[in-house]
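# Report on the structure
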Amino acid sequence: MGGLFAQTVMMAGSWATGLDPAALGYVVQSTSLGIAHGVRAGLALLGVLALILGRGRRSGAAIAALVFAGAVSSFAWSGHGAASEGSIGLVHLAADIAHALAACVWLGALAGFCLLLVRPVTREDAATARSLAGFASIGTMAVAILVVTGLINAAFLIGVDGLGRIPGSTWGGLLVAKLLTFTLMLALAAHNRFILTPALSRAIDADADAADAGRRLRVSIGLETLAGLALLGLVAAMGVQMPPASM
């Protein structure tokens, strides 16, 4: 709902208009951006209800996950992914949806791991180590999807003619910052997977003190989560800038 308000303000150029029910109604009913915001808010509410009503049952969590995936997918209709026209535009839209879903898998897992590691890890926390190790293949798949779909999106948003405009544009500067942040996240994720998680598992298997291994993993995952939040901010800023292909 906050996004709908901000979108209305940007379109009208007035803060007062953002609170005008008639203006809000027009944006929701007559623009694809407004429709996407309305659908997203509705799906988010349904997802929360599914979690509350299905508490303790896997079916409730599964339904909520599907509903939230739909909410995430709606971002593609309120961003650059919906700007391309024709059949080739469907490729851009699909890539944008896959990109957003893969990012949510990664960032959502980080949020879960932060909750698991919020307290000191003990030698009895074998489940935590198994969860961290078990995410390895899923995380690798998410990164692969992010890279492939990111290249597809870049082809649409930059184009051959727009390559020379990247250095001098705000969008290009944000893109460079995004890629650097993504690289940092990837380095931290690799460090967690290949060094810190195995160290925690070894400490637990050897019935040794796992507190130190857990602390190092907690710090690393915390930094990776902060980098992920910074990346979301960069993506949000890129969404309101004109990409090189549109200049």
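Residues numbered from 1 in each chain as written. Predicted model: local features only at pLDDT ≥ 70, side-chain atom pairs only at ≥ 80, totals over all residues. Heavy atoms only, no water.

## As for the environment of Gly-228
Along the chain, Gly-228 falls in helix α8 (residues 211–239). Residue contacts for Gly-228: discarding those within four places in its chain leaves Leu-107 and Met-185. (Helix = DSSP H or I, 4+ residues; strand = E, 2+ residues; numbered from the N terminus. Contact = heavy atoms within 4.5 Å.)

## Overview of the environment of Ala-95
You can see Ala-95 is positioned in helix α5 (residues 86–116). You can call Ala-95 buried: its relative accessible area is 4%. Between the C-alpha atom of Ala-95 and that of Phe-75, which follows or precedes it by 20 residues, the distance is 12 Å. Contacts of Ala-95, omitting those with residues within four sequence positions, involve Thr-149, Ile-152 and Asn-153. (Buried < 20%, exposed > 50% of the residue type's maximum accessible area, 1.4 Å probe, protein only.)

## As for the side chain of Thr-197
Mapped onto the elements of the fold, Thr-197 is located in helix α7 (residues 170–205). Here Thr-197 is in contact with Ala-129, Leu-132, Ala-133, Asn-192 and Leu-217, once residues within four sequence places are set aside.

## Quick look at the packing of aromatic side chains
Remark: the centre distance and the inter-plane angle together describe each pair of aromatic rings, the angle taken between the planes. Applying the stated rule across the entire model yields 3 aromatic pairs. Measuring from centroid to centroid gives 5.6 Å for Phe-113 and Phe-135, while their planes differ by 80°, and the two rings are edge-to-face. Here Phe-135 lies in helix α6 (residues 126–157) and Phe-113 lies in helix α5, a separation of 22 residues in the sequence. Between the NZ or CZ atom of Arg-40 and the centre of the ring of Phe-75, over which it lies, the distance is 3.8 Å. (Phe/Tyr/Trp six-rings, centres within 6.5 Å; stacked < 30°, edge-to-face > 60°. Lys NZ or Arg CZ within 6 Å of the ring centre and 35° of its normal.)

## Focus on the layout of surface pockets
Roughly 1,600 Å³ of volume is contained in the largest pocket. Considering the residues around the largest pocket, the lining is formed by 46 residues, among which Asp-96, His-99, Lys-178, Val-235 and Ala-236 are closest to the centre. Sorting elements by how many residues they give to the lining of the largest pocket places α6 first, with 8 residues. Residue classes in the lining of the largest pocket are distributed as 32 nonpolar, 11 polar and 3 charged. In this structure, the second largest pocket spans a volume of roughly 330 Å³. Elements represented by at least two residues in the lining of the second largest pocket include exactly α5, α6, α7 and α8. For the lining of the second largest pocket, the class distribution of residues is 14 nonpolar, 4 polar and 2 charged. (1 Å grid on protein atoms, 1.4 Å probe; cavity = no way out; pocket = protein on both sides within 12 Å on 5 of 7 lines; lining within 4 Å. Points joined across faces, edges and corners; volume = space filled by probe spheres on them. Nonpolar A, V, L, I, M, F, W, Y, C, P; charged D, E, K, R; others polar.)

## A short note on the confidence of the model for the protein chain
With 95% of its residues at a pLDDT of 70 or more, the protein chain shows a mean pLDDT of 88. Taking the mean pLDDT of every element in the protein chain, the minimum, 84, falls on helix α1 (residues 2–12) and the maximum, 93, on helix α4 (residues 58–73). (pLDDT = per-residue confidence, 0-100.)

## Things to note about the packing of helix α3 (residues 32–53) against α4
One can describe the packing of α3 onto α4 by two numbers: an axis separation of 8 Å at closest approach and a directional angle of 170°. Classified by the interaxial angle, the pair formed by α3 and α4 is roughly antiparallel. Of the residues in α4, those in contact with Arg-40, Leu-43, Ala-44, Leu-46, Gly-47, Val-48, Ala-50 and Leu-51 of α3 are Gly-60, Ala-61, Ile-63, Ala-64, Val-67, Phe-68, Gly-70 and Ala-71. (Axes fitted to C-alpha atoms, helices over the stretch in contact; angles between N-to-C directions. Parallel < 35°, antiparallel > 145°, perpendicular 65-115°, else oblique.)

## Comments concerning a nonpolar patch on the surface
On the surface, Leu-45, Leu-46, Val-48, Leu-49, Ile-52 and Leu-53 cluster together into a nonpolar patch covering about 570 Å² of accessible area. As for its position among the elements, Leu-46 is in helix α3. (Patch = residues over 30% accessible without salt bridge, like charges linked within 9 Å, V, L, I, M, F, W, Y side chains within 5 Å. Areas by Shrake-Rupley, 256 points an atom, 1.4 Å probe, with all protein chains shown as cover. Salt bridge = Lys/Arg side-chain N within 4 Å of Asp/Glu carboxyl O.)

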